[in-house]
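So the chains spell out like this:
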Amino acid sequence: MHNVFEALNERGFIKQTTNAEQVAHLLSEGEVTYYVGFDPTASSLHVGSLVPIMAMAHLQRAGHKPIAILGGGTTMIGDPTDKTEMRPMLSQEQITANGKGILAQMQRYLNLDNGVNADNLQTTAKAGKFLNNADWLLSINYIEFLRDIGKHFRVNEMIRAEGYRQRLERELGLSFLEFNYQLLQAYDYLCLFQEYGCRLQLGGDDQWGNILAGVDLVRRVKGERVHAVTFPLLTTATGAKMGKTAGGAVWLDPQRTSPYEFYQYWINTDDRDVSRFLAYFTFLPMDEIRRLGSLKDEAIREAKEVLAYEVTQLAHGKTEADKARAASRAAFGGGNLDAVEMPTSAIIAQRLESGIPIMELFHEVGLANSRSEARRLVQQGGAYINEKQYRAIDMLVNADLLEADALMLRAGKKRYHRIVLKEN
RNA sequence: GGGGGUAUGCUUGAGCGGUCAAAAAGGGCAGACUGUAAAUCUGUUGGCUACGCCUACGGUGGUUCGAAUCCAUCUGCCCCCA
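Residues numbered from 1 in each chain as written. Chains lettered and ligands numbered in written order. Predicted model: local features only at pLDDT ≥ 70, side-chain atom pairs only at ≥ 80, totals over all residues. Heavy atoms only, no water.

**Section: the overall build of chain A**
Along chain A, the regular secondary structure elements total 19 helices and 15 strands. The buried share of chain A, reckoned over its 424 residues, is 51%. Of the roughly 20,200 Å² of accessible surface on chain A, a fraction of 48% belongs to carbon and sulfur atoms. (Helix = DSSP H or I, 4+ residues; strand = E, 2+ residues; numbered from the N terminus. Buried < 20%, exposed > 50% of the residue type's maximum accessible area, 1.4 Å probe, protein only. Areas by Shrake-Rupley, 256 points an atom, 1.4 Å probe, with all protein chains shown as cover.)

Right under this line is the structure:
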């Protein structure tokens, strides 16, 4: 077993550890059960969650056993860390439903007890677990909890933690409910240690304090040394949060973010982020990544294409990745636009007889959020039909513009939408 | 429980009772330049049946010819006292 710790480190996954040598040693000794917590506030993960997932996948491929924890119980509290306000609380039903979606997505990267969801996934890896911490948190008895767990926490220390301190010093208060978040998260670690012998927790660097609380708790209650590793919080070179675009988050759920859009997100990666992202989000060997990362100027587009293709393939499978790549090449490389996968909608053929106002058309297919926006788009020269710009706002789109019974709309430089005809 | 403060468009944040769809910045969008990158420059950024109309400045109800701006009340948040 080669040293996974080194591999993770080389790929940039490691920000802080309880003790680097000890963690490395632990991972080289034999099978280690490790866990990462996930937020169940949405029914899909977004690309930000890919960092922990990729890290988990690397560990599993190296023979270790993952546990993914759905924060169904802790979400009912709301993590105050680095939040400007309280999180909305979700119902258990909602959380369970969200968990289903999240599990399916994880199964593309990890082999969990509940199965796998990707053809290319190494099934030789030991199956891990997907658990909901609501299972043990919801049945907690308050008095017992205070006595057995609460006694190990010093309020003095807790309020010194950065996350809490900010909330205490600034206008926004901190409710007692939120104050307990750390105890519950620490309790998770204790439970997982007891039940599954879990000895390593990983998480975003903003979770460092909470994770350490768990490490301490295990030491105090069980007298055992367990470990923690955090991932750096990713931002893009321009300082934006990873995985956010104007349209919102980039989701793994193809219903929310189509494979094409997903692919485009990666293609549009800033030059400076390319090699970092290749290391995080693909399984390509580091030598290859270094080669791709050293490409300069225009040539770096090759690296972006590899990045986009690899990441899309992991998230959506080879077929979808091929389609997305073909569509992307066609749209931006002057290829044949007709045969490829694009956001498409159908309109009734008859409507073209009398002509459809161009503004209405762009609005209708979602290329503009309102008619006013569509109007602006046209006026400013951002509206194209079959690669021809139209600037007249009173222009009517009729059957004369059809090419092969279809219209390819384009808004701005990058957003395409294809229109086909239907009878009625 | 008492006293005070605050609530503005995607965000931050200005807004004398009329000239406010509301300063400014950020963000977004479009154009130019380019490599589907970055940086830069320009335009634009509530909606609509579009030189006009409608909806908006926490909720409701008032005062006024006229309110985001004044009053009352409700709600949320913050601060001080208890």
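Picking up where we left off.
**Quick notes on the sheet that holds strand S1 (residues 16-17)**
One open sheet holds the six strands; their spatial order is S1-S6-S5-S2-S3-S4, and the pairing between them is mixed. Each edge of the open sheet carries a strand with a single partner, namely S1 and strand S4 (129-132). Two elements, strand S2 (residues 33-38) and strand S3 (residues 65-70), share six bridges in a ladder whose sense is parallel. Across the sheet, Thr33 pairs through a bridge with Lys65, a residue of S3. Sheet strands touched by helix H2 (residues 20-29): S1, strand S5 (200-204) and strand S6 (227-231). Its angle to S6, the strand with the most contacts, is close to 105°. Along the sheet face, helix H3 (residues 50-61) touches S2, S3, S5 and S6 and points at about 165° away from the line of S2. (Pairing = 2+ DSSP bridges. Contact = heavy atoms within 4.5 Å. Axes fitted to C-alpha atoms, helices over the stretch in contact; angles between N-to-C directions.)

**As for the packing of helix H12 (residues 259-267) against helix H16 (residues 318-333)**
Packing of H12 against H16 leaves a shortest axis separation of 9 Å and a crossing angle of 65°. Crossing hand, H12 versus H16: right-handed. Contacts from Pro259, Tyr260, Tyr263, Gln264 and Ile267 in H12 reach Glu320, Ala324, Arg325, Ala327, Ser328, Ala331 and Phe332 in H16. Per-class residue counts for the contact of H12 with H16 are eight nonpolar, two polar and two charged. (Left-handed = near helix turned anticlockwise from the far one by under 90°. Nonpolar A, V, L, I, M, F, W, Y, C, P; charged D, E, K, R; others polar.)

**Looking at the environment of Leu131**
Turning to its location among the elements, Leu131 is positioned in strand S4. Given the relative accessible area of 14%, Leu131 is considered buried. Between the alpha carbons of Leu131 and Val221 there is a distance of 23 Å; along the sequence they are 90 residues apart. Apart from the residues lying within four places of it in its own chain, the contact partners of Leu131 are Ile67, Ala68, Ile69, Leu70, Trp136, Leu192 and Tyr196.

**Describing the pattern of salt bridges**
All told, the structure shown has 21 salt bridges when counted by the stated rule. A single network of salt bridges, built from pairs that share partners, joins Arg351, Glu360, Glu364 and Arg371. (Salt bridge = Lys/Arg side-chain N within 4 Å of Asp/Glu carboxyl O.)

**So, helix H14 (residues 286-293)**
Residues of H14 that are buried: Met286, Ile289 and Leu292. Take H14 and look down its axis: the buried residues cluster within an arc of 120°, on one side only. Of the surrounding secondary structure, the elements contacted by the buried residues of H14 are helix H1 (4-10), helix H13 (274-281) and helix H15 (300-316). (Arc of directions from axis to C-beta.)

**Focus: unusual backbone geometry**
It is generally the case that most residues other than glycine have a negative phi and that most peptide bonds are trans. Positive phi values are uncommon outside glycine, yet Asn386 reaches one of about 50°. In this fold, Asn386 is placed in the loop between strand S11 (383-385) and strand S12 (388-389). By relative accessible area, Asn386 is classed as buried at 18%. Positive phi values are uncommon outside glycine, yet Ala404 reaches one of about 55°.

**So, the packing of aromatic side chains**
Across all of its chains, the model carries eleven aromatic pairs by this definition. Arranged with centres 5.6 Å apart and planes meeting at 75°, the rings of Phe277 and Phe281 form a pair that is edge-to-face. Of this pair, Phe277 and Phe281 are both found in helix H13, four residues apart, which corresponds to roughly one turn of the helix. Relative accessible area serves as the criterion here: at 2%, Phe277 is assigned to the buried category. Taken together, a centroid distance of 5.8 Å and an interplanar angle of 55° make the contact between Tyr280 and Phe281 tilted. When its relative accessible area of 4% is taken as the criterion, Tyr280 is described as buried. One aromatic cluster in this structure is built from Phe13, Phe231, Phe262, Tyr265, Trp266, Phe277, Tyr280 and Phe281. Taking the ring centre of Tyr309 as reference, the NZ or CZ of Arg325 above it sits at 4.0 Å. For the cation-ring pair, Arg410 lies above Tyr384, with the distance from its terminal atom to the ring centre recorded as 3.9 Å. (Phe/Tyr/Trp six-rings, centres within 6.5 Å; stacked < 30°, edge-to-face > 60°. Lys NZ or Arg CZ within 6 Å of the ring centre and 35° of its normal.)

**Overview of the sheet that holds strand S14 (residues 406-411)**
Taken together, the five strands give an open sheet; going across it, the order is S9-S15-S14-S11-S12, and neighbouring strands pair in mixed fashion. Here the strands that pair on one side only, and so sit at the sheet edges, are strand S9 (344-348) and S12. Note: S9 against strand S15 (residues 415-422), five bridges, orientation parallel. Among the inter-strand pairings, Ala346 is bridged to a residue of S15, identified as Val420.

**A closer look at the state of the cysteines**
Taken as a whole and assessed by the stated rule, the structure comprises zero disulfides. Unpaired in this structure, Cys198 has its nearest cysteine sulfur neighbour in Cys191, at a distance of 11 Å. (Disulfide = S-S within 2.5 Å.)

**Considerations on the domain arrangement of chain A**
Domain assignment breaks chain A into domain 1 (4-231), domain 2 (244-339) and domain 3 (344-422). Each of domain 2 and domain 3 has a C-alpha centre, and these two points are 27 Å apart. Listed per partner, the contact involves six residues of domain 2 and seven residues of domain 3. Carbon and sulfur atoms make up 56% of the surface buried where domain 2 meets domain 3, a total of about 560 Å² over both sides. Where domain 2 touches domain 3, the interface holds zero salt bridges. At the boundary of domain 2 and domain 3, one finds two residue pairs in polar contact (both at pLDDT 80 or more). Considering only residue class, the side of domain 2 that touches domain 3 consists of four nonpolar, one polar and one charged. (Domains from an automatic or database assignment. Buried area = accessible area lost by both parts, 1.4 Å probe. Polar contact = N/O pair within 3.5 Å; in protein donor to acceptor, adjacent residues only side chain to side chain.)

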